[in-house]
Structure formats: structure tokens, C-alpha cells
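Structural overview for review
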Amino acid sequence: MKFWGKREEKGTQKKQRSIHISDLVASSIFQEILKDNQIPFICRQPGAGGYIKIVTGGLLTTDEIVVDESNYDAAMELYHAYFETETAEDDEE
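Note that residues are indexed from 1 along each chain, following the sequence as it is written. Totals for whole chains, interfaces and linings use all residues, but because this is a predicted model, local features are given only for residues with pLDDT of at least 70 and pairs of side-chain atoms are given and counted only at 80 or more. Note that the side-chain values use all heavy atoms of the structure and ignore hydrogens as well as water.

**With respect to the environment of Phe83**
Here is the rule we go by: Helix numbering and strand numbering both begin at the N terminus, where a helix is a DSSP run of H or I of at least 4 residues and a strand a DSSP run of E of at least 2.
Within the secondary structure, Phe83 sits in helix α3 (residues 72–92). Here the alpha-carbon distance between Phe83 and Ala26, two residues 57 residues apart in the chain, equals 8.6 Å.

Structure below.
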């Protein structure tokens, strides 16, 4: 469901990392966390995902959130803080 990977933009030699999140709510929350912490990112839907997201309301798509390698560590800290807190709250119930 979620994983980080490396992406290298052709021509610019700019290294980026991405996360794939299939839960629309988790993706939206994580994007807001990145915005609040002033970490630039791009959210994409691979392939025809952008069109499918419009048609289905995001039920059948996966968001790819891309951050620059220089912001990777900060984004990972926020990612783990959010998802570990969410998992701990689910375990308590």
C-alpha cells in the first residue's frame, strides 16, 4: 500500500523520492502535513489514474507523492509520526 522509491528526472538530474498511498483520506492528510511543514511535493496518479480518480472519486487509484531528495528525511519523519500514531490509536480500540 505504501512505499518509498527513488525517481530521477531526465535532463535535470534532480533526485526525487516518492510514496504511493492507496487510501485517499491518508493521502490527503499526509499532503496537508507536508504543506503545513513547507515541504514542496507533487501528487500524481500514475497512468490513467487522474481520470479514474475523477470518475470514481479516488476509490480505485493510488496517489504518488513525490518530494525532492533534500526534503526526504523531513518527509519521512512526518510520514512515520503520522502513520505510527494512527496505527497506535487503531490498536488501542
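**Overview of the side chain of Ser18**
Applied cut-off: Polar contact criterion, stated in full: a pair of N or O atoms within 3.5 Å, where within protein one must be able to donate a hydrogen and the other to accept it, and residues adjacent in sequence count only if both atoms are side-chain atoms.
Here Ser18 shows up in strand β2 (residues 15–21). Polar side-chain contacts of Ser18 include one of 3.5 Å to the side chain of Glu64.

**What about the pairing of strand β4 (residues 63–68)?**
Keep this limit in mind: For the exposure calls, accessible area comes from a 1.4 Å probe over protein chains only, and a residue counts as buried if that area is under 20% of its type's maximum, exposed if over 50%, partly exposed in between. Here, strands pair whenever DSSP counts at least two bridges between them.
Extensive coverage of β4 is indicated by the burial of six of its six residues. Judged by which residues are buried, β4 turns out to be covered on both faces: Asp63, Ile65 and Val67 on one side and Glu64, Val66 and Asp68 on the other are all buried. Strand direction decides the pairing type here: β2 and β4, joined by six bridges, are antiparallel. If you follow Arg17 over to β4, its bridge partner there is Val67. The pairing of strand β3 (residues 41–44) with β4 spans four bridges and is classified as antiparallel. Among the inter-strand pairings, Arg44 is bridged to a residue of β4, identified as Glu64.

In short, geometric facts, not functional conclusions.
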